[in-house]
Amino acid sequence: MANKINVKLIMELKASGLSQNVIAKTVHISKTSICDVLNIAKEKQIFYDDIKDKPDDEVYRLFYPDKFAVETMFKVPDYDYIHNELKRVGVTLKLLHQEYRDFCNKEGLIPVGYTKFTEGYSSYINQCNLSNHFRT
């Protein structure tokens, strides 16, 4: 699955006066994607001041509600729980992923794969400014 476009960052850079070409080079996203975000913003009359205090996922959902619906079909792991469990002796991400998969299967939910699971945990660590003794 492709990475989500950082809509909020694109809107922030545009609001600061940068051109589409400069934004594309700065965030390493195609000019087409930049243009798409700006066209959606114009069509829906969304300005950076409207979204600057909103979380990235909420902003993404405003711009791409159909794509967000597909991504939310998976049960999002509880990374706070995972981080706390990893403090216990003998607990690994692999074991926690299996526990998560078992829970999802029992509840009839769709689990994310191991790669997405570990990437999500890594993002959680970075967002919360936590430290971990191993890399995923």
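Residues numbered from 1 in each chain as written. Predicted model: local features only at pLDDT ≥ 70, side-chain atom pairs only at ≥ 80, totals over all residues. Heavy atoms only, no water.

**Q** Help me out: how do you make sense of the overall build of the protein in this one?
**A** When helices and strands are counted, the protein shows 9 helices and 2 strands. When the helices and strands of the protein are placed in sequence order, the string is α-α-α-α-α-α-β-α-α-β-α. Contacts in the protein between residues at least 24 apart in sequence constitute 53% of all its contacts with a sequence separation of at least 6. Here the protein displays about 9400 Å² of accessible surface, and carbon together with sulfur accounts for 51% of that area. (Helix = DSSP H or I, 4+ residues; strand = E, 2+ residues; numbered from the N terminus. Contact = heavy atoms within 4.5 Å. Areas by Shrake-Rupley, 256 points an atom, 1.4 Å probe, with all protein chains shown as cover.)

**Q** I would appreciate a short explanation of the pattern of salt bridges in the present structure.
**A** Note on pairing: side chains with opposite charge can pair once their charged atoms come close. Within the structure shown, the criterion is met by 3 salt bridges. A salt bridge links Asp 49 to Lys 52; the nearest nitrogen and oxygen atoms lie 3.8 Å apart. The class of Asp 49 is exposed, set by a relative accessible area of 58%. Residue classification places Lys 52 among the partly exposed residues on the basis of a relative accessible area of 38%. (Salt bridge = Lys/Arg side-chain N within 4 Å of Asp/Glu carboxyl O. Buried < 20%, exposed > 50% of the residue type's maximum accessible area, 1.4 Å probe, protein only.)

**Q** Even after reading the chapter, I still don't get the layout of surface pockets, so can you show me in this structure?
**A** To find leftover empty space, a probe the size of one water molecule is rolled over the atoms. By volume, the second largest pocket is sized at about 210 Å³. In this structure, the second largest pocket is lined by Lys 75, Val 76, Pro 77, Asp 78, Tyr 81, Ile 82, Leu 96, Glu 99, Tyr 100, Phe 103 and Phe 117. Every element with two or more residues in the lining of the second largest pocket is listed here: α7 (79-85) and α8 (93-107). Looking at the lining of the second largest pocket, the element that brings in the most residues is α8, giving 4 residues. Here the lining of the second largest pocket is composed, by residue class, of 8 nonpolar, no polar and 3 charged. (1 Å grid on protein atoms, 1.4 Å probe; cavity = no way out; pocket = protein on both sides within 12 Å on 5 of 7 lines; lining within 4 Å. Points joined across faces, edges and corners; volume = space filled by probe spheres on them. Nonpolar A, V, L, I, M, F, W, Y, C, P; charged D, E, K, R; others polar.)

**Q** Any chance you could explain unusual backbone geometry here in plain terms?
**A** The phi torsion at His 28 lies on the positive side, around 55°, for a residue other than glycine. Within the secondary structure layout, His 28 lies in the loop between α2 (20-27) and α3 (31-44).

**Q** When you look at the packing of aromatic side chains in this model, what are you seeing that I'm missing?
**A** Geometry of an aromatic ring pair is reported as the spacing of the ring centres plus the angle between the planes. Within this structure, the stated rule accounts for 6 aromatic pairs. A centroid spacing of 5.3 Å and a plane angle of 40° characterise the contact between Tyr 60 and Tyr 64, whose relative ring orientation is tilted. As far as burial versus exposure is concerned, Tyr 60 and Tyr 64 are alike and both buried. Note that Lys 94 overlies the ring of Tyr 114, its terminal NZ or CZ placed 4.4 Å from the centroid. (Phe/Tyr/Trp six-rings, centres within 6.5 Å; stacked < 30°, edge-to-face > 60°. Lys NZ or Arg CZ within 6 Å of the ring centre and 35° of its normal.)

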